[in-house]
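Survey of secondary and tertiary structure
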Amino acid sequence: MTLPSSSGDDNNLTAPGPGVRQGDPGSATGAALGGGTATAATTTATTVGGGTLTQPRIPAQVAERGEGADGTEAAEPVGLGTSPIRADALAKAMGTFPYAADLWAEGLLWGAVARSPYAHARILSIDYGPALAIPGVYAVVTAADLRLGPTGQPDGAPSGPIVQDRPVFAADVVRHFGEPVAAVAADHPDTARLAAAAITVAYEPLEPLTDPEAAFTAPPIHPDGNLFRHQPVRFGDPEVVGDVVVEGLYKVGRQDPAPIGAEAGLAVPRPDGGVELHVASTDPHGDRDRAAHCLGLEPDRVRLVVSGVPGATADREDVGFQVALGLLAIRTGHPVKMALTREESFLTHPHRHPALLRYRHHADAEGRLLKVEAQLLLDGGAYAEVSSEALAAAAAMAAGPYVVPHVFVDAWAVRTNNPPAGRMRGEGSLQTCFAYESQLDRLAAALDLDRLEIRRRNAMSTGDLLPTGQAVTCPAPVSELLDALAAEPLPPLPVDQPDDEWLLPGGPGGAGDPAAVRRGIGYAVGMVHILGAEGADEVSTASVRVSGSQASVMCTAVDTGTGFSTLARQIVQDVLGITDVYIAPVDTDQPPAGPSARGRQTWVSGGAVERAALMVRHQLLQPLAMQFGMSPELLTISDGKITSYDGVLGMPVLQALEGKDLWATAQCRPHPTEPLDSETGQGDAFVGLAFCAMRAVVDVDVELGTVRVVELAVAQDVGRALNPEQIEARIEAGATQGLGLALMEDLVSEGGRISNASFTRYRLPTSLDAPAIRVVALLEERDVVAPFGAKAVGAAPATVAPAAVAAAVRAATGRQVNRLPIPAEDVAL
Amino acid sequence: MLPASLDEAVTALAASPAAVPVAGGTDLMGAVNAGLLRPMALIGLGRINELRGWQYQDGTAQLGAGLTHARMGRPDFAALMPALAEAARSAGPPQVRNAGTLGGNIVTADPAGDTLPVLAALEATVTLVGPEGGREVPVSHLLTGLDPMRGGELLGYVRVPLLHAPQVFLKATGRTGPSRAVASVALVLDPGRRAVRCAVGAVAPVPLRPLEAEQWVSGCIDWDGDRAIDPAAAAAFGEYVAAACVPEPQPAGLPDSQPDGMEGGPAAAAARLRRTVSVLARRALGRALK
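Keep in mind the model is a prediction, meaning the values are calculated, not measured. (Residues numbered from 1 in each chain as written. Chains lettered and ligands numbered in written order. Predicted model: local features only at pLDDT ≥ 70, side-chain atom pairs only at ≥ 80, totals over all residues. Heavy atoms only, no water.)

The next subject is the side chain of Asp 587 of chain A. Residue and element names in this part refer to chain A. As for its position among the elements, Asp 587 is in the loop between strand S21 (580–583) and helix H15 (601–628). We classify Asp 587 as buried; its relative accessible area is 11%. Side-chain polar atoms of Asp 587 contact the side chain of Arg 303, separated by 3.0 Å. Within the local environment of Asp 587, its side chain forms a polar contact with the backbone nitrogen of Asp 589, the two atoms lying 2.7 Å apart. Not counting residues up to four positions away in its chain, the partners in contact with Asp 587 are His 285, Arg 303, Leu 304, Val 305 and Thr 556. (Helix = DSSP H or I, 4+ residues; strand = E, 2+ residues; numbered from the N terminus. Buried < 20%, exposed > 50% of the residue type's maximum accessible area, 1.4 Å probe, protein only. Polar contact = N/O pair within 3.5 Å; in protein donor to acceptor, adjacent residues only side chain to side chain. Contact = heavy atoms within 4.5 Å.)

Before going further, it helps to examine the interface of chain A and chain B. Taken together, the contacts link 43 residues of chain A with 27 residues of chain B. When chain A packs against chain B, close to 2,800 Å² is buried across both sides, 47% of that on carbon and sulfur atoms. Per-residue buried area on chain A facing chain B is highest for Glu 703, Leu 704 and Glu 825 of chain A; these three make up 21% of the total on that side. Our enumeration of links across chain A and chain B arrives at five salt bridges. Residue Asp 513 of chain A is joined to Arg 283 of chain B by a salt bridge in which the shortest nitrogen-to-oxygen separation is 3.8 Å. The tally of links from chain A across to chain B stands at 12 residue pairs in polar contact (both at pLDDT 80 or more). Sorting the residues of the side of chain A that touches chain B by element identifies helix H6 (189–198), strand S10 (244–252) and strand S27 (706–717) of chain A as the ones contributing at least two each. (Buried area = accessible area lost by both parts, 1.4 Å probe. Salt bridge = Lys/Arg side-chain N within 4 Å of Asp/Glu carboxyl O.)

With that settled, the discussion passes to the confidence of the model for chain B. Residues and elements named next belong to chain B. Within chain B, residue pLDDT values average 88, and 95% of them lie at 70 or more. Counting contacts from residues 253–261, a segment whose pLDDT is below 50, to residues more than four positions away or on other chains yields 10 contacts. Across the interface, the model reports ipTM at 0.88; the global pTM reads 0.88. (pLDDT = per-residue confidence, 0-100.)

What follows deals with the sheet that holds strand S5 (residues 137–142) of chain A. Residue and element names in this part refer to chain A. On the basis of which strands lie adjacent, the open sheet formed by seven strands has the order S5-S7-S3-S14-S11-S12-S13 and mixed pairing. Edge positions in the sheet fall to S5 and strand S13 (302–306), since each of these pairs with one other strand and no more. Strand-to-strand twist in this sheet, taken as the mean axis angle between neighbours without regard to direction, amounts to 25°. Sheet topology note: the strand S11 (residues 264–269)/strand S14 (residues 336–339) ladder contains four bridges and is antiparallel. Looking at the pairing, Gly 265 lines up with Met 338 of S14. (Pairing = 2+ DSSP bridges. Axes fitted to C-alpha atoms, helices over the stretch in contact; angles between N-to-C directions.)

Moving on to the sheet that holds strand S9 (residues 227–235) of chain A. If you walk across this open sheet you meet the six strands as S9-S17-S16-S15-S10-S31 (chain A), and the pairing is mixed. Bordering the open sheet on either side are S9 and strand S31 (819–820) of chain A, each of which pairs with just one other strand.

All names here are of chain A. Most of S11 sits out of view: six of its six residues are buried. Side-chain alternation along S11 places Ala 264, Leu 266 and Val 268 on one buried face and Gly 265, Ala 267 and Pro 269 on a second face that is also buried. With five bridges joining them, S11 and strand S12 (residues 275–279) adopt antiparallel strand pairing. In the sheet register, Ala 267 faces S12, and the bridge partner there is Leu 277. Counted along the chain from S11 to the antiparallel partner S12, the turn is five residues long, and its residue Gly 273 has a positive phi close to 90°.

Here we take up the packing of helix H11 (residues 429–447) of chain A against helix H18 (residues 795–813) of chain A. Residues and elements named next belong to chain A. Between H11 and H18, whose axes approach to 8 Å, the crossing angle comes to 30°. As far as their axial angle goes, H18 and H11 are roughly parallel. As H11 runs across H18, the sense of the crossing is right-handed. Between H11 and H18, the residues in contact are Ser 429, Leu 430, Cys 433, Phe 434, Glu 437, Ser 438 and Asp 441 and Ala 798, Thr 799, Val 800, Pro 802, Ala 803, Ala 806, Ala 807 and Arg 810, respectively. Split into classes, the residues belonging to the contact of H11 with H18 amount to nine nonpolar, three polar and three charged. (Parallel < 35°, antiparallel > 145°, perpendicular 65-115°, else oblique. Left-handed = near helix turned anticlockwise from the far one by under 90°. Nonpolar A, V, L, I, M, F, W, Y, C, P; charged D, E, K, R; others polar.)

And the structure:
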């Protein structure tokens with residue numbers, strides 16, 4: 001935090017940055033004006049409650065800057081391995097950070113979407129006359145206003161990340177409850193909603209297909225058929241039979257990401273006929289390309305500016321929302337704002353794939369796994385989205401982090417009339433983790449083995465083969481994670497406490513009865529893959545600029561709460577020794593960094609930022625090295641000062657810069673992967689793997705079937721802890737989300753109709769439900785091919801937590817726990 | 001419109017019958033914000049101080065309809081009407097309890113409304129005030145629609161008997177934090193009449209009273225002694241209450257016909273609900289007689 005006095009930079013003493021800087025995502029300039037030039041003349045966008053610009057920076061940092069004149073002893077370390085606080089933490093904690101829902105532009109109109117009340121129906125006619133007749137309504141758009149299909153007829157401009165099958169507006173058939181049919185722009189949000197309700201759509205209801213098992217035989221509900229993908233995995237000898245065989249059927253429900261901020265956005269028409277979208281996208285370039293495709297525009301004429309993201313665990317918005325917004329703006333020539341209601345939000349954004357999993361594990365008498373047979377069925381919902389990607393993860397990870405010589409998997413992802421599923425922390429691997437860990441518990445019971453011991457006997461380590469034939473080349477410290485958990489003391493039993501101080505299942509003052517409460521302990525270990533799989537081109541581009549005493553980072557990796565912007569700051573601080581690092585806001589005029597999902601940004605964007613910073617460093621040191629007569633490698637930069645290896649020669653960075661601007665742009669592209677073979681499932685499909693082990697301690701009221709998780713102890717393989725506090729926060733978030741799926745979160749589809757699309761009915765864990773989450777070990781065994789040797793941390797705890805909680809409930813009750821979320825009838829005795 | 005007295009509010013409602021009265025607004029404003037309800041006008045009841053307090057009146061307590069859940073959860077209230085206080089404390093997160101009112105809970109008549117089974121068990125009455133003056137209606141008559149609110153009427157007061165005996169409210173939910181009840185049971189002892197009164201909430205559109213079970217269990221209690229009860233009798237009471245309040249699960253073949261504990265479906269859920277109500281009733285009785 002300190003700079004030597006010779007830097008002479010007054011800014012550091014007098015100008016602590018505001019809570020939200022000019023140009024940051026969410027600030028007035030960053031969110032709405034952006035490039036500025038292309039914005040329509042009538043529209044000056046600003047934010048409601050612009051008081052954010054005067055918020056002080058985190059006080060601790062201000063104080064340190066004030067007394068930073070006396071040398072190089074920095075009071076607070078900077079760079080990798082430390083835990084700086086997020087730059088926007090104060091504004092977010094105080095509620096002054098403006099999200100997309102807070103944006104405003106002069107003369108804006110309000111959008112609303114008309115949605116299907118049926119899960120499956122044919123559209124006979126759409127009459128939007130009554131809506132247009134309402135005073136204040138500017139435009140109504142339907143599938144007919146989008147790019148026409150190949151036959152010259154409107155087809156709703158289907159698009160998608162992998163398969164282009166999801167229309168913006170349903171053209172002939174609606175395939176899920178809440179699917180957009182038309183959109184309205186009006187001068188008031190209520191008018192817009194009234195008008196959307198006034199659109200008369202004649203439907204012919206069709207039989208909804210909601211049971212994924214029936215999808216194979218049911219008549220196709222889409223021209224592409226009901227099967228998204230079938231992925232077999234054939235590894236080893238199918239004839240092998242073990243001494244002990246256990247079988248199980250497992251079911252995982254539909255979890256919703258339930259972001260705290262519902263979808264909202266602002267579209268501003270551009271004079272060139274294009275549009276500028278201010279939305280909370282997690283994949284700006286992908287969304288921009290899909291939006292341009294649907295609107296029939298060149299991608300360059302659509303600019304997407306990422307406003308602050310109010311909650312995302314991978315995918316966030318559906319393209320239907322963004323395109324509808326853009327289309328209304330283009331059609332009316334006015335800026336259009338749209339904010340979805342909580343119910344709409346539940347209906348449209350991607351959910352976790354519900355799954356049905358049938359397993360048969362063979363083991364020898366010592367408990368070593370011989371063969372795993374599995375049939376996996378993922379319900380992908382009405383449109384393809386990323387189901388085939390989730391399916392590949394499910395199929396390849398079906399046996400878990402264990403050495404299994406013979407593995408036979410058949411995995412299917414199918415189309416149903418349920419809401420579409422997409423990416424959510426650990427897509428594919430979460431569902432199988434619950435199943436294979438449950439199977440290991442059964443095997444331990446059948447062999448009368450300790451549950452940790454059976455896992456240790458089969459644990460995978462570096463060099464072992466996945467069932468896909470891929471060798472695990474990254475660190476795979478599965479045994480070490482289990483050992484760390486085993487060494488951890490259990491939380492105390494509430495025996496000496498008075499009963500009323502014991503937080504029982506059911507909550508304080510609730511129906512819990514200490515006499516009926518049993519405690520259970522469960523273990524689980526699991527793995528997720530990092531980065532896109534199967535030949536996806538994972539690449540990110542970043543630029544670093546040094547000017548004066550400030551460094552800037554331009555990278556379009558969206559920080560969805562993962563802490564990437566903090567990490568980018570740390571990387572630059574580490575490489576360039578400059579403490580004042582500015583992270584530029586994200587828009588699609590810059591080169592792409594790819595989606596913020598699958599734990600990829602730390603790797604690809606972190607790697608790109610590091611490379612660009614190293615290039616700048618080289619430019620900075622090269623002339624100086626010449627001058628000193630030594631190679632640049634012998635110079636170090638710290639605290640704004642360049643010093644030679646022996647400490648004799650030195651020069652402040654500012655002086656070395658000589659008033660120049662240094663720029664560098666770099667890309668990071670990990671080693672390529674290949675698709676899984678469609679017959680055998682063999683192939684080097686994954687870039688890296690991350691592992692996590694968890695111990696859950698639960699209290700179960702066995703009469704009422706209520707469960708409270710007392711503690712989750714987590715041991716995780718992180719490669720290298722770049723920001724330990726942020727990692728702990730990510731682990732807490734992931735584990736809590738996993739706990740929610742294990743015990744309460746389920747979006748209920750009744751014949752395709754979602755019946756609990758509200759926070760009253762869709763139960764999320766509250767602070768009373770979230771247990772003490774203790775990180776007992778962050779194993780730092782560096783992955784040599786990953787930038788910094790670091791692994792993604794967000795998905796692994798979410799993947800393992802449901803299995804651990806289920807195992808603990810199983811231990812407390814002695815019952816088979818085969819369904820997630822665990823229903824009360826599966827818990828009570 | 002923000003009337004300052006009940007009379008003003010009644011007059012205001014008579015003047016604009018399409019206006020919707022709003023007290024805490026925890027349900028109503030949610031519906032308005034979601035676009036489900038578009039009232040022509042609102043009559044805010046929050047300024048009517050006479051409705052925000054409570055007082056004694058001939059052995060009963062007269063509660064203003066504007067009492068918030070937070071107020072009802074306080075110890076002075078809990079000392080006199082413990083079950084109502086319990087229900088108010090469990091009704092939701094603090095923000096909701098600070099705004100939501102007793103009257104709103106009754107008028108909204110959500111099946112899972114937490115105070116409703118308590119009022120049913122206490123045999124509370126409500127005072128409905130209209131242009132022609134007030135009238136007293138038993139709360140159960142109001143909820144079942146036997147004697148519904150008429151146009152132009154406002155819910156003014158709730159009269160609750162003070163029984164000076166243990167009362168219990170128990171609620172089963174799907175999570176540890178505040179949540180909608182899956183089922184709830186309110187149980188009050190009335191030593192004066194040597195009666196146990198019980199109501200089950202959230203399992204039907206209105207709170208249900210298992211009258212036969214109440215009568216039976218009243219006879220099992222030694223009212224003059226230490227009011228103890230045989231645990232077996234308490235368990236039987238639970239079963240009795242559950243059988244009276246939750247319909248017989250539809251027979252769906254063999255109970256465990258599905259493999260691997262995959263039993264499910266409506267039959268299992270109904271059986272589970274019965275068991276939950278039975279456990280709640282048993283525990284409630286046990287706590288009341290402790």
